[in-house]
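What follows is the residue order along each chain.
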Amino acid sequence: MKAAAVGFLLVVAASPAFGDACTGAETQLAVVFRDLARGEPASAEEALRPVVRDHPGCLDILLAEARIEAAKGDAANAGGMFVRYLQLAPEDPRGYTYFGRFLISQRQYQQADRISAAGLEKAPYDPGAMALRGQILDMRGESQQGLALLKQACQADPENGEAQFYLGTIFDRTRQPGEAVQHLQKAVSIDPHNARAWDYLALNLEPLGKEDVADEAYRKALAANIPGPNFDAFLDYNYGRFLMKRNQLAASKQHMDRAVELVPQVRAVWYERAKLDLRLLNYRQARIDAERAASLKDPAGIIIDLQIYSLLEKIYRHLGETDLARKYAELSRETPVPPRGDHR
Amino acid sequence: MLQQIFSRALALILLASSLSAAEPSHIRFENREKVSAVQFVLNNGTTPDKPIIDSTLGGVALLDYDNDGYLDIFFTNGARIPSLMKDGSSFSNRLYRNNHDGTFTDVTVRAGLGGAGYSMGVAAADYDNDGWTDLYVTGVNQNILYHNNGDGTFTDVTERTGMTGVSGGKKLWSVSAAWIDYDNDGLLDLFVVNYLDWTPENSHVCGPPGRRLSCPPSLYKGEADILYHNNGDGTFTDVSAATGITGQIGKGMGVAIADYDGDGWTDIFVANDNERNFLFRNRSGKGFDEVGVESSVAYTEDGVPVSSMGVDFRDWANDGRPGLFVTALGGETFPLYRNDGNGLFTAATYPADIGFTSFRMSGWGAGIYDFDNDGAKDLFSANSHVSENANLDSQQHYRQANAVFRNLGNGTFRDVSAEAGAAMRQRAAHRGCAFGDLNNDGKIDVVVSVIGGPPELLYNISTNNNHWITIQAIGVKSNRDGIGTRIKITGESGQVQYNHVTTAGSYASSSDKRVHFGLGSDTRIKEIELRWPGGKIQVLRDVKADQILKVTEP
């Protein structure tokens, strides 16, 4: 934790925007940026007040205020502030990085793409700029280039939590849990309040057979998962699934119940709770949940139709609904199995 | 009835209390291949393009071909690609005679079992009830039935019997086979599991040049399985269509048999690669209904198929109902199914605590056997990834160590591989494996084939004072090997166990037909009940432990 704070200060102190007007405010600004990284805009705002009072000419105030507004959900105001900051400090790569991340959060991907490219052009070796550009390239499907930039960002500044986190999620997606864990462990050591990083870390510890460590990571994720822009709505789903695999069904139920409250539009959460209901021999509830899952679309293919049919067949059979069970047995037989990859 | 339930419950409590997760495992294996004089190397004839056949061979059989009371070993072998011909001795299938002293003698040439074509699996049984164990060898381009002449030699009777593996004018790629008396007529029939519509001409290439990977089965069409009915006159008839087998197109790799619903008719489970598994429920010997979906064994708990490869079908839960253990690829887990007794199975992979561990394994051979003779059947898997170049991915190693999961007697297992001796830490390209007692010491040994290397002769050196019994069923009205006979034993402590006679199971392999039971501290068995496929029920009382007991059908 200490090492992370020192690292952050070094990055801030080295930034070009840190001119004379900010001298003396370094520590307070570090607190402001830390609170913002934790998704605590109110605390950041509070911490910023003395800087505004004592260092009114410090440009970092504008950058911090832009991020505070963004965190509070005032997108229009935040956008304007970021633009103004870039006009006043066009050489500061942080402006591009934070603005780019803000644009991603607003789903303004094309603008984020342009900003990230401009940021990297201004500061090709800035870890934040590399990390953002790497993320954008990955999102654009240019995975290899994105991966390379993110790796460079992590090498240039191992304390860049964003880069470590995003690189970890790429390894998660490509099913390389060993590599994912390395970067996600770093991410949570830099920012222990990053619930998503803890969640991803736990998910990737599971396939490595480190169930106890994964459990601990999930618990830390739950503790860090406070409402706000960084809230992880799928954490309860993931932890509920994990507990089901560990045969802690009652505890799993609590998290699955919460998951369906948090993301009721997602097929997977209803599907998994129906599976849990089945294990708990609660067939009526299983039916309700599975039918709800069947009614929802899953364009990402997380839970495919075949899985729904197979589950419904089991549930109807247990309920003695013979005709429905037969119908879904037939669908389970007839539904083609989606191919998986071009080799194995 | 109540008393029966109570005594069974008591036995389970006794068993569970004698086992625990914290208790150190006694299961140990030692690889004695180096002192065995077995000099076999499994040659897959691979080429730089890594055609899919090169990863799927490796059948092993443990059979007593010369009736001297000791298990001999038969290995299948590959061939040159693309000719699919055994054009050199390095491709020869091999038979090794057990010398009773831990060594073996290669008797392949004298036996006439060198084989032809690209061989895959093997199934051993006495199909003509003459008292000598015969062999059926499956392959990509040639299946061969060898009749045991009783004088150390075998005769290729494939053409005469009609068991060529050809269907609709085309030789299907056969992987595994199971001898089964499906109509209880006292004659063993043969179920042949077929995989993909692959030929050297339609072979796909996957992965970058120089680092080719095994292509997925989705690139090829699946094949129907074949059931041959034994006519009793030295010929067989393909009854696949008449019995409802032909209608099911799968990508079969493993097969195992058991009477899962206790109706007296043996059923068949087929492990399909990335397709739903089949459970063929025997319709009183008249045909089969495929009920994999209805029985909840077609897919995993997640409702998807996995790369099912090996399978065993035995009562791992000691509840009188055969359950299933299936091996699959890394990232999938090994499906384990508990038989609920009402025609339904429940996925038990995670409830039985083998989920997280098996997620990291790719398995081929599979077995449900009591390795420490404590009265609870354990699990064994022969492991390796499919693709030789899988090492390029840091999460998927081609060469993997085998695994043994100890049954804790409470519905869960513990991976005790790391404690089971150096042999169980040996990484290799393991494939098929067969189970049996090589030295008749009352402990189940395992012989595992290895692509590109010598096999592993894993002698069971588990150290404890537990007792055992091995039963050799000899059918009279039933088939001579007694295949399909269901055996229930009640130890002096009251513990009840179940198993049945079969040589089928694992991957492409054939195991000891004798049925082994661990007895824990019981030195006597109160009762042994045999339900013969012919319908007779035979009961033996007060039998002493630690013996190989031959039981002839009355």
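What you are looking at is a predicted structure, and each value in this text was computed from that prediction instead of being measured.

Caption draft 1: Region of the structure containing the overall build of chain B. For chain B, the helix and strand inventory stands at four helices and 39 strands. In terms of its C-alpha atoms, chain B occupies a principal-axis envelope of roughly 65 × 55 × 50 Å. Put simply, chain B has 554 residues, and 63% of those count as buried. Intrachain contacts of chain B at a sequence separation of at least 6 include 61% that bridge at least 24 residues.

Caption draft 2: Summary view of the overall build of chain A. Within chain A, the regular secondary structure consists of 19 helices and zero strands. For chain A, the spread of C-alpha atoms along the three principal axes comes to 80 × 40 × 40 Å. Within the span of chain A, comprising 344 residues, buried residues form 49% of the whole. For chain A, the proportion of contacts with a sequence separation of at least 24, taken over those separated by at least 6, is 46%.

Caption draft 3: The nonpolar core, seen in detail. If you look at the biggest cluster of nonpolar residues, it comprises 256 residues, and the most contacted ones within it are A:Leu201, B:Ala178, B:Trp179, B:Val255, B:Phe269, B:Val311 and B:Phe325. Those residues in contact with B:Phe325 that sit more than four places away from it in its chain are B:Val311, B:Asp312, B:Trp316, B:Phe334, B:Leu336, B:Ala366, B:Ile368 and B:Leu379.

Caption draft 4: View of the confidence of the model for chain A. This prediction gives chain A a mean pLDDT of 90; 93% of its residues lie at or above 70. Confidence drops under pLDDT 50 across residues 1-18 of chain A; counting only partners more than four residues distant or on other chains, this segment forms 29 contacts.

Caption draft 5: Structural view of the environment of B:Asp64. For B:Asp64, the position within the fold is in the loop between strand S2 (60-63) and strand S3 (72-75). Apart from the residues lying within four places of it in its own chain, the contact partners of B:Asp64 are B:Gly69, B:Tyr70, B:Leu71, B:Asp72 and B:Thr133.

Caption draft 6: Inspection of helix H18 (residues 305-319) of chain A at higher detail. Residue and element names in this part refer to chain A. An ideal rise of 1.5 Å per residue puts 21 Å on 15 residues; H18 measures up with 21 Å between its terminal C-alpha atoms. Listing the buried residues of H18 in full gives Leu306, Gln307, Ile308, Tyr309, Ser310, Leu311, Leu312, Glu313, Lys314, Ile315, Tyr316 and Arg317. Looking at the buried positions of H18, the neighbouring elements they touch are helix H16 (267-279), helix H17 (283-295) and helix H19 (322-334). Backbone geometry just downstream of H18 places Gly320 in the positive-phi region, at approximately 75 degrees.

Caption draft 7: The sheet that holds strand S38 (residues 537-544) of chain B, seen in detail. Residue and element names in this part refer to chain B. Read across the open sheet, the four strands follow the order S35-S34-S37-S38; overall the sheet is antiparallel. Single-partner strands in this sheet number two, and they are strand S35 (496-500) and S38. Sheet twist, expressed as the mean angle between neighbouring strand axes with direction ignored, is 20 degrees. Note: strand S34 (residues 486-491) against strand S37 (residues 524-531), six bridges, orientation antiparallel. Residue pairing across strands places Lys488 opposite Glu529, the latter belonging to S37.

Caption draft 8: Quick peek at the pairing of strand S23 (residues 323-326) of chain B. Residues and elements named next belong to chain B. A two-sided burial pattern is seen for S23, the buried positions comprising Gly323 and Phe325 on one face and Leu324 and Val326 on the other. Relative to S23, strand S22 (residues 311-314) runs antiparallel, the two being bridged by four bridges. Among the inter-strand pairings, Val311 is bridged to a residue of S23, identified as Val326. Here S23 pairs with strand S24 (residues 336-339) via two bridges, running antiparallel. Looking at S24, one finds that Phe325 is bridged to Leu336.

Caption draft 9: Region of interest: the pairing of strand S13 (residues 189-194) of chain B. All names here are of chain B. The buried fraction of S13 is high, at six of six residues. The two faces of S13 match: Asp189, Phe191 and Val193 on one face and Leu190, Val192 and Asn194 on the other face are all buried. Here S13 pairs with strand S15 (residues 226-230) via three bridges, running antiparallel. Counterpart to Leu190 in the pairing with S15 is Tyr228.

Caption draft 10: A look at the sheet that holds strand S20 (residues 278-282) of chain B. All names here are of chain B. Strand order in the open sheet made by the four strands is S18-S19-S20-S21, with antiparallel pairing throughout. The sheet terminates laterally at strand S18 (252-258) and strand S21 (288-290), the two strands that pair on one side only. Taken pair by pair, the neighbouring strands of this sheet meet at an average axis angle of 20 degrees, ignoring direction.

Caption draft 11: Spotlight on the packing of helix H8 (residues 127-139) of chain A against helix H10 (residues 161-173) of chain A. Residues and elements named next belong to chain A. One way to put it is that H8 packs onto H10 with a least axis distance of 9 Å and a crossing angle of 25 degrees. Put simply, H8 runs roughly parallel to H10. The two elements H8 and H10 cross, and the hand of that crossing is left-handed. Facing Pro127, Ala131, Gln135 and Asp138 of H8, the residues of H10 in contact are Glu162, Ala163, Tyr166 and Ile170. Tallied by class, residues from the contact of H8 with H10 come to five nonpolar, one polar and two charged.

The rules behind these values
Residues numbered from 1 in each chain as written. Chains lettered and ligands numbered in written order. Predicted model: local features only at pLDDT ≥ 70, side-chain atom pairs only at ≥ 80, totals over all residues. Helix = DSSP H or I, 4+ residues; strand = E, 2+ residues; numbered from the N terminus. Buried ≥ 20, exposed ≤ 12 C-beta atoms within 10 Å, placed from the backbone. Contact = placed C-beta atoms within 7 Å. Core = buried A, V, L, I, M, F, W, Y, C linked by C-beta atoms within 7 Å. pLDDT = per-residue confidence, 0-100. Expected span 1.5 Å × (residues − 1). Pairing = 2+ DSSP bridges. Axes fitted to C-alpha atoms, helices over the stretch in contact; angles between N-to-C directions. Parallel < 35°, antiparallel > 145°, perpendicular 65-115°, else oblique. Left-handed = near helix turned anticlockwise from the far one by under 90°. Nonpolar A, V, L, I, M, F, W, Y, C, P; charged D, E, K, R; others polar.

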